[in-house]
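Listed below, chain by chain, are the residues.
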Amino acid sequence: MTSTDVPTTDERAYADMAELSAAPLWRQYGELMPAQPVSRARPHLWPYARLRPVAMHFSRALSLAEAERRVLMMVNPGLTDPPATVPTLFAGIQIVMPGETARAHRHTANAFRFIIEGDGAVTTVNGEQLAMRPGDLLLTPGWHWHDHAHQGHSPMMWLDGLDYPLVNNLNAGFFELYQAPVQPVANPDEASSRQFRHGRLNPAWRAPSTEHPGVSPVGSYPWEETERALATITEAGTVAGSAAEGILLEYSNPWTGGPVLPTIACRIARLRAGFAGVPRQHTASTIYHVVSGSGSTTVGEQRLDWNEHDTFCVPGWARYAHQVAAQGDATLFSYTDEPVLRVLGLYREQWL
Ligand code: GTQ
Ligand code: FE2
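Residues numbered from 1 in each chain as written. Chains lettered and ligands numbered in written order. Predicted model: local features only at pLDDT ≥ 70, side-chain atom pairs only at ≥ 80, totals over all residues. Heavy atoms only, no water.

**What to know about the environment of Ala244**
- Along the chain, Ala244 turns up in the loop between α5 (223–235) and β13 (247–250).
- Taking relative accessible area as the criterion, Ala244 reaches 1% and is therefore assigned buried.
- Sequence separation of Ala244 and Ala276 is 32 residues, and the distance between their C-alpha atoms is 8.0 Å.
- When residues no more than four places from it in sequence are discounted, the contact partners of Ala244 are Phe275, Gly277, Val278, Arg280, His322 and Trp351. (Helix = DSSP H or I, 4+ residues; strand = E, 2+ residues; numbered from the N terminus. Buried < 20%, exposed > 50% of the residue type's maximum accessible area, 1.4 Å probe, protein only. Contact = heavy atoms within 4.5 Å.)

So, in structure tokens, the structure goes:
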């Protein structure tokens, strides 16, 4: 039979299709055009109490010279190859020991750090030196040089959030090492970021970067300010906040009032003792990190019980609801790909 003959059986025709790298849409239509999204990610929780000892082991067993970064990846059981936490985002626990330096590099993936424990480390981002204290949020936006150095005394541990799963899926991942282990410091003490720390007043001689659209010019959102905002709003006890997320605040880009990174919105929520969230679902995927307190989040059929410093994820379009125990408020840091879905007209939510 020549290659232009019409196959005489289905079997033969399917075999020809496979050989031609073609496939019958009619056999996969339901999967490709689902009535509603089905995430490959599974609801999952990573307990800090169990990850921390493993991180401590590698702080001794593996030098930072051997590892580009000493990070335990939080790999979703449904997204192992390549590893990701939700389809668009990554979460990791990074550990840096006193005296260590994580060398300077840059990548197109956007990243942030949310500090868990330790004191005395700094991250330098495009020449601006940012202090790292528990509860601080530090941004290392895409294609910004960054290195981490630790001059303190106890282990530094933080949560890394990156959008590399999204960036790599868009085939836009680039990475470069800096020509030296560390970059020079042009702005010590957050000198540039500080210009934006005055509420509704922005430095008028500056303008948003055209090179990095949608990126906040603020390198660090210190815990002190975050805590003050949460305390002020919850003080009177009269503000109900979101029925699903309690007193939910979004870290904002002072130029736009929008998310801090073009692809990632970062938020902090205070849930009062006894809080029982109204269940809902949205197309955005979310990763939560427990700053303090304990509670549980029901995601689909699963219940994730969380404690201080645990990390867990809620895949897009999963039905979820938070509950907090009767005694003690809880504080949840979270990040989401919602800005991406919104800008593409793909954000949907539904209260259940
Ligand atoms: O600290 O620069 O968790 O480049 C993954 C990739 C951390 C970092 C991660 C990174 C970093
Ligand atoms: Fe990096």
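**Side note on unusual backbone geometry**
- Residue Pro82 is bonded to the preceding Asp81 through a cis peptide linkage, with omega at 0°.
- Counting through the fold element by element, Pro82 comes out in the loop between β2 (71–73) and β3 (90–96).
- Phi is positive for Ser21, which is not a glycine, with a value near 55°.
- A residue is classified by how much of its surface remains accessible, and Ser21, at 71% relative accessible area, is exposed.
- Of note, the phi angle at Trp143 is positive, near 65°, even though the residue is not glycine.
- We classify Trp143 as partly exposed; its relative accessible area is 24%.

**Here's the deal with the coordination of the iron ion (ligand 2)**
- Within the protein, the iron ion (ligand 2) binds to His105 (NE2), His107 (NE2) and His146 (NE2); these donor distances fall in the range 2.1 Å.
- Donor residues binding the iron ion (ligand 2) come from one chain and are separated in sequence as H-x1-H-x38-H.
- Of the residues examined, His105 reaches a relative accessible area of 4% and is grouped as buried.
- His107 sits in the buried class, given a relative accessible area of 11%. (Donors = N, O, S within 2.8 Å, 3.2 Å for Na, K, Ca; no water.)

**As for the site of ligand 1**
- Around ligand 1, the neighbouring residues are Arg69, Val71, Phe90, Gln94, His105, His107, Arg113, His146, His148, Asp160 and Leu162.
- A distance of 3.0 Å separates an oxygen atom of ligand 1 from a polar side-chain atom of His105.
- Take His148: an N or O atom from its side chain is 2.7 Å from an oxygen atom of ligand 1.
- Burial of ligand 1 by the surrounding chains reaches 87%, relative to a free accessible area of 290 Å².
- Elements with a minimum of two residues in the shell around ligand 1: β3, β4 (101–107), β9 (146–150) and β10 (156–162). (Near = heavy atom within 4 Å. Polar contact = N/O pair within 3.5 Å; in protein donor to acceptor, adjacent residues only side chain to side chain. Areas by Shrake-Rupley, 256 points an atom, 1.4 Å probe, with all protein chains shown as cover.)

**Thoughts on the nonpolar core**
- The biggest cluster of nonpolar side chains holds 37 residues, and the ones touching the most others in it are Phe112, Leu137, Leu159, Tyr251, Cys266, Phe333 and Tyr335.
- Here the element with the most residues in this core is helix α3 (residues 48–61); it accounts for four residues.
- Excluding anything up to four places from it in sequence, Phe112 contacts Leu137, Leu138, Leu139, Thr140, Leu159, Asp160, Gly161, Ile264, Cys266, Phe333 and Tyr335.
- Formed by 16 residues, the second largest nonpolar core is a distinct cluster that contains Leu271, Leu304, Trp306 and Val314. (Core = buried A, V, L, I, M, F, W, Y, C linked by side-chain atoms within 4.5 Å.)

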